[in-house]
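Letter by letter, the chains look like this.
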Amino acid sequence: MAPSLRTHRPLLRGALLLATSTQLVSGAVQAADANDVMRLLDQRACSSCRLQDADLVHADLRDADLSKAQLQRANLSRAQLDGANLQGADLTFTSLLGASLRGADLRGALLEGTDLRESDLSGALLDVDGLARSHWKQAVGVNPSASSYADLHNSGVEAALQGRASEAETYFNQAILKQPDAALSWLARGISRAEQAKRDLAAADFTYAASLFEQQGNTKVAQQVRQGAEDLKKNPQGNSAGNGWGGQFLQSATAIFQQLAPLAVKYFAPLAF
């Protein structure tokens, strides 16, 4: 494990003050305020602090008060932020890769372009759709209500096309919780379940998807999907991707997904890390 920033506080303080002085002399744009950084590390309380571009990798900031802090582009990778108050903080394009945010309060935080991959968000407080413009793949404890329906569905599509059927099923589960009448997600979950030999569950998903497609006036797709459900019911013990309609359907899954999904184009700005 990397040494804590608190261990080398005197050296860090000097380095930060020197860096800040150099920026002021050269006329460059000042980023993090050195005194604010040190106050945060000393007291773990720095509401409304200027911490833009700060390097806080592996920092121990459990239960810290960072409400309304300016943390744009800061590097908080692998930081410990369990229970931290980040309400209203600006985390635009901030790196929280692998950070622990268990029970952290992120309500009102700006999370556009924020890198939350591999982070732990178990019990974190987030706005509805709060993660919709962030990067949270492989994060733990993501609440479906914090992600948009389209992003959950598209994540399932990506996992399915890469052969990760179980992971895809989980994403589609979350998408369905978010939007229960989304026929496409019911169909997609059925495909991912069929690929795992969960044929009874897959048939049930296809049947329900067919009814939803029918309600939407898409009778041709409804008939196709309903026929597929019937074929699965007739051969519930068959190989998941080997024979019959199920195998043919799965073999053409890529084409189906490309035709019907994703529902929304990802509009995230590229990561700046």
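Quick notes on the rules
Residues numbered from 1 in each chain as written. Predicted model: local features only at pLDDT ≥ 70, side-chain atom pairs only at ≥ 80, totals over all residues. Heavy atoms only, no water. Helix = DSSP H or I, 4+ residues; strand = E, 2+ residues; numbered from the N terminus. Buried < 20%, exposed > 50% of the residue type's maximum accessible area, 1.4 Å probe, protein only. Contact = heavy atoms within 4.5 Å. Areas by Shrake-Rupley, 256 points an atom, 1.4 Å probe, with all protein chains shown as cover. Polar contact = N/O pair within 3.5 Å; in protein donor to acceptor, adjacent residues only side chain to side chain. Disulfide = S-S within 2.5 Å. Axes fitted to C-alpha atoms, helices over the stretch in contact; angles between N-to-C directions. Parallel < 35°, antiparallel > 145°, perpendicular 65-115°, else oblique. Left-handed = near helix turned anticlockwise from the far one by under 90°. Salt bridge = Lys/Arg side-chain N within 4 Å of Asp/Glu carboxyl O. Expected span 1.5 Å × (residues − 1). Core = buried A, V, L, I, M, F, W, Y, C linked by side-chain atoms within 4.5 Å. pLDDT = per-residue confidence, 0-100.

### Let's talk about the overall build of the protein chain
Helix and strand counts for the protein chain come out as 9 helices and 0 strands. Going residue by residue from the N terminus, the α and β elements of the protein chain occur as α-α-α-α-α-α-α-α-α. Burial status across the protein chain gives 47% buried among its 273 residues. Across the protein chain, every contact between residues at least 6 apart in sequence was considered, and the portion connecting residues at least 24 apart equals 28%. Only carbon and sulfur atoms are counted for the fraction: they give 52% of the accessible area of the protein chain, which is about 13,100 Å².

### Some thoughts on the environment of tryptophan 136
If you trace the backbone, tryptophan 136 turns up in the loop between helix H2 (34-43) and helix H3 (149-161). A C-alpha to C-alpha distance of 9.7 Å links tryptophan 136 and leucine 96, two positions 40 residues apart in sequence. For tryptophan 136, the side chain forms a polar contact with the side chain of aspartate 151, separated by 2.9 Å.

### Points about the side chain of serine 67
As for its position among the elements, serine 67 is in the loop between H2 and H3. At 3.0 Å, the side chain of serine 67 forms a polar contact with the side chain of serine 47. In this structure serine 67 touches Ser47, Ser48, Asn85, Leu86 and Gln87, once residues within four positions along its chain are discounted.

### A closer look at the state of the cysteines
On inspection of all chains with the given rule, the structure shows 1 disulfide. Between the sulfur of cysteine 46 and that of cysteine 49 lies a disulfide, 1.5 Å long from S to S. As the torsion about the S-S bond is roughly -80°, the cysteine 46-cysteine 49 disulfide counts as left-handed. In terms of burial, cysteine 46 and cysteine 49 fall into one category: buried.

### With respect to the side chain of aspartate 33
For aspartate 33, the location among the structural elements is in the loop between helix H1 (9-26) and H2. Classification of aspartate 33 by relative accessible area gives buried; the value is 12%. Within the local environment of aspartate 33, its side chain forms a polar contact with the backbone nitrogen of aspartate 36, the two atoms lying 3.0 Å apart.

### A word on unusual backbone geometry
Although it is not a glycine, serine 48 sits at a positive phi angle of roughly 65°. Taking the relative accessible area as the measure of exposure, serine 48 reaches 44% and is therefore partly exposed.

### Some words on the packing of helix H5 (residues 183-195) against helix H6 (residues 199-215)
Relative orientation of the contacting elements H5 and H6 amounts to 160°, with a least axis distance of 8 Å. By the angle between their axes, H5 is roughly antiparallel relative to H6. Seen along the crossing, H5 lies across H6 with a hand that is left-handed. Taken together, the residues of H6 that come into contact with H5 (itself represented by Ala183, Leu184, Trp186, Leu187, Arg189, Gly190, Ile191, Arg193 and Ala194) are Leu201, Ala202, Asp205, Phe206, Tyr208, Ala209, Leu212 and Phe213.

### Looking at the pattern of salt bridges
Inspection of every chain in the model, using the stated rule, returns 18 salt bridges. Between arginine 50 and aspartate 33 there is a salt bridge, with its nearest N and O atoms 2.8 Å apart. Of this pair, arginine 50 sits in the loop between H2 and H3 while aspartate 33 sits in the loop between H1 and H2, placing them 17 residues apart in sequence. The network of salt bridges with common partners includes Glu169, Arg189, Arg193, Lys198 and Asp205.

### Notes on helix H4 (residues 165-178)
Between its terminal C-alpha atoms H4 stretches 20 Å, which fits the 20 Å expected from 14 residues at 1.5 Å a residue. Of all the positions in H4, only Ala165, Ala168, Glu169, Tyr171, Phe172, Gln174, Ala175 and Ile176 are classed as buried.

### Here we look at the nonpolar core
Core analysis: the largest hydrophobic core is formed by 51 residues, its most contacted members being Leu51, Leu61, Leu121 and Leu131. Put simply, the parts of the chain that give this core at least two residues each are H2, H3 and H4. Among all residues touching leucine 121, those that are not within four sequence positions of it are Leu101, Leu106, Leu116, Leu131, Ala139, Val140, Gly141 and Val142. In this structure, Ile176, Ala203, Phe206 and Leu232 belong to the second largest nonpolar core, which totals 18 residues.

### Description of the confidence of the model for the protein chain
Looking at the protein chain as a whole, the pLDDT averages 78, with 74% of positions reaching at least 70. Model confidence for the protein chain, summarised as mean pLDDT per element, is weakest for H1 at 37 and strongest for H6 at 91. Counted against residues more than four places away or in other chains, residues 1-30, with its pLDDT under 50, gives 31 contacts. Counting contacts from residues 238-273, a segment whose pLDDT is below 50, to residues more than four positions away or on other chains yields 70 contacts.

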